[in-house]
Amino acid sequence: MTTYLDNAATSFPKPEAVYQAMDRFARANLANPGRAGHKMALASEHVLDDGRHRLNRFFNGKGPERFVFTLNCTDALNMAFKGVLEPGDHVITTDLEHNSVSRPLRAMEKAGKITLTRATADGSGTVNPDDIRAAMTPKTRLVAMTHASNVIGTIQPITEIGKLVRERDALFLVDCAQTAGVVPVDVQAMNIDLLAFPGHKGLMGPTGTGALYVAPRVKVGVWREGGTGGDSSSETQPTEYPYFLEGGTPNVLGVAGLSAGIQWVEAEGLAKIHAHEVDLTERLWKHLDELGGFEVFGHRDMSRRVGTLSFRSEALPATEFGGILDQAFDIAIRPGLHCAPYIHRSLGTFPDGTVRVSPGPFNTEADIDRLAGAVKEILS
Ligand SMILES: Cc1ncc(COP(=O)(O)O)c(C=O)c1O
C-alpha cells in the first residue's frame, strides 16, 4: 500500500466518518437542494445549511450565510480577486503565494488594472509585518497572503498584519489552504475580511469542496449567475448571501463529507493534529541531518510551522527523487515547484524545486522512517 505523504496537496485517507457520511447521504437524500421543496430536497438543503453553520462556528464568522461554497480554494480566491478589485487599486501580496493567488493578481497587473507589491519573506520563510506596513499607499485596497507556506510550512504573523491592514481601512484576504483544520483561524480576532480555503485538505472533506468567507463589510461583484433554488422570479441574480455567489447546483455530496470532516477535526482537536504532523516533520529533519548532504528549508522552531517540509540534495534533482520514491518504493511525495515559483526563486531552488513531504493525521513514525530509509538507499 502506498505511503502517502502528500497531504499538502489533498489529505488522504479521509476519516472513516467522512466516507460513511457521503455514502449515507448519496444513497438516501442526494436531491437538488432547496429547488423543489420536497422532503429529499429539504434534506439536501439541510446538509448545506449544517455545513455553513459548522464553518461559521469553526472560523468564528459573522454568520453562516457569509460562507459561500466553492469548487476548491482556487475558485474562492478568484471569486474574491475578480469580485473585489477595481481599476487603480493597489494590492500587496508576498513571495510565498501559491499560483492561485499570484496568477490572477499578476494577470490583473499585466492588464493595467491594478498595481502590485510583492513583499518577500525572510530566510525562515516569514513575512515581516513592517514590510507590509511600509508597502501601503493611499491606494492600497487589499492585502492578500497565505497563512502558511505550502512549500516550507512557515506560519505567517497574520494577526499582526490583520491589525495594521484594518488600521489603514484596507481589506485583508487570507488563503488558509495549509492551515484550515490544523491551526486556529478566527476571522474576527484576526481582522480577516476574505478567507479562502479548500475543504479537501486539513478539513478532511473530499475534493471538489472549498469556501470563501466574505465579511459583511466587503462588497463582492457577482460571480456565476444562474439558478439558486429560490426566488426564481428575479430577473437577475438574487443579492442575498450566499445565493448571490452560488449559482447552479452545489456540491452537496461533497459538503456532506466536509461536515463530517470538520466534526472529526473538532473531536481530535487542532492542537493534537498540528503537533502530530509537526513531530513527524521534525523526525524527518533529524533523519536528513543524520544522513547529511541535504538542505532543509523552513523554520527550525516547530511552533512556527505546519507539517510541511522541503529539502533538496546536490546529489539528485527533486523530480528524480519523486519518480524513484513513487516507482521503486511506492511513497507519494511532491517534487518540483509546488505551484509557488516565487518562493523557490527566493530560496534559490528555482527551477528544479525541492522534495516536499507533508504528513497528515494518519501518518505514523514508521512512514517517516520508511521514507528516510528509501532516501538513504536511493543515494547509496
Ligand atoms: C497555499 C495554497 N493556496 C491555494 C491552493 C489551491 O487549492 P485548491 O487546489 O483547493 O484550489 C493550494 C493548493 O495546494 C495551496 O497550497
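Everything here concerns the structure above.
Rules used throughout
- Residues numbered from 1 in each chain as written.
- Predicted model: local features only at pLDDT ≥ 70, side-chain atom pairs only at ≥ 80, totals over all residues.
- Heavy atoms only, no water.
- Phe/Tyr/Trp six-rings, centres within 6.5 Å; stacked < 30°, edge-to-face > 60°.
- Buried < 20%, exposed > 50% of the residue type's maximum accessible area, 1.4 Å probe, protein only.
- Helix = DSSP H or I, 4+ residues; strand = E, 2+ residues; numbered from the N terminus.
- Lys NZ or Arg CZ within 6 Å of the ring centre and 35° of its normal.
- Polar contact = N/O pair within 3.5 Å; in protein donor to acceptor, adjacent residues only side chain to side chain.
- Pairing = 2+ DSSP bridges.
- Axes fitted to C-alpha atoms, helices over the stretch in contact; angles between N-to-C directions.
- Contact = heavy atoms within 4.5 Å.
- Near = heavy atom within 4 Å.
- Areas by Shrake-Rupley, 256 points an atom, 1.4 Å probe, with all protein chains shown as cover.

Caption draft 1: Representation of the packing of aromatic side chains within the structure. Throughout the structure, instances matching the rule amount to 10 aromatic pairs. Ring geometry for Tyr4 against Phe12: centres 5.5 Å apart, planes inclined by 70 degrees, an arrangement best described as edge-to-face. Classification of Phe12 by relative accessible area gives partly exposed; the value is 43%. Geometrically, the ring pair formed by Phe311 and Phe321 is edge-to-face, given 6.1 Å between the ring centres and 80 degrees between the ring planes. Here Phe311 is found in strand β10 (residues 309-313), whereas its partner Phe321 is found in helix α9 (residues 318-329), with 10 residues between them in sequence. Judged by relative accessible area, which is 0%, Phe321 ranks as buried. Each residue in the set Phe58, Phe59, Phe67, Phe197 and Tyr213 is aromatic and connected to the rest through ring pairs, giving one cluster. Sitting over the ring of Tyr241, Arg66 keeps its end group 4.1 Å from the ring centre.

Caption draft 2: Geometry of the side chain of Thr10. With respect to the helices and strands, the residue Thr10 is situated in the loop between β1 (3-4) and α1 (16-28). There is a polar contact of 2.7 Å between the side chain of Thr10 and the backbone oxygen of His200.

Caption draft 3: Quick peek at the sheet that holds β10. On the basis of which strands lie adjacent, the open sheet formed by 4 strands has the order β9-β10-β13-β12 and antiparallel pairing. Strand pairing shows two members of the sheet lacking a second neighbour, β9 (294-297) and β12 (334-336), which therefore form its edges. Adjacent strand axes in the sheet meet at a mean angle of 25 degrees when their direction is disregarded. For β12 and strand β13 (residues 354-357), the ladder comprises 3 bridges, and the chain directions are antiparallel. For Arg334, the partnering residue across the bridge sits in β13 and is Arg356. On the sheet, helix α8 (residues 270-291) packs against β9, β10 and β13 and is oriented at approximately 15 degrees with respect to β10. Running at roughly 155 degrees to β12, α9 makes contact with β9, β10, β12 and β13 of the sheet.

Caption draft 4: Highlighting the site of the ligand. Among the 14 residues in the neighbourhood of the ligand, the closest are listed as Thr74, Asp175, Gln178, His200 and Lys201. In this structure, Thr74 approaches the ligand through a side-chain N or O atom, which is 2.4 Å from an oxygen atom. A total of 390 Å² of accessible area belongs to the ligand in isolation, and the protein chains cover 90% of it.

Caption draft 5: Representation of the pairing of strand β7 (residues 194-198) in the model. Among the 5 residues that make up β7, 5 are buried, leaving the element largely enclosed by the rest of the structure. Neither face of β7 is open: one carries Leu194, Ala196 and Pro198, the other Leu195 and Phe197, and all of them are buried. Sheet topology places strand β6 (residues 171-175) next to β7; 3 bridges connect them, and they run parallel. Of the residues in β7, the one forming a bridge with Leu173 is Leu194. The sheet contact formed by β7 and strand β8 (residues 210-214) spans 5 bridges and is antiparallel. Looking across to β8, one finds that Ala196 is bridged to Leu212.

Caption draft 6: The sheet that holds strand β2 (residues 67-70), seen in detail. Spatial ordering of the open sheet is given by β2-β8-β7-β6-β5-β3-β4, a layout of 7 strands whose pairing is mixed. Every interior strand has two partners, whereas the edge strands, β2 and β4 (115-119), have only one. When strand polarity is set aside, the average angle formed by the axes of neighbouring strands in this sheet is 15 degrees. Direction of pairing for strand β3 (residues 90-94) relative to strand β5 (residues 140-146): parallel, over a ladder of 3 bridges. Residue pairing in the sheet places Ile92 in a bridge with Val143 of β5.

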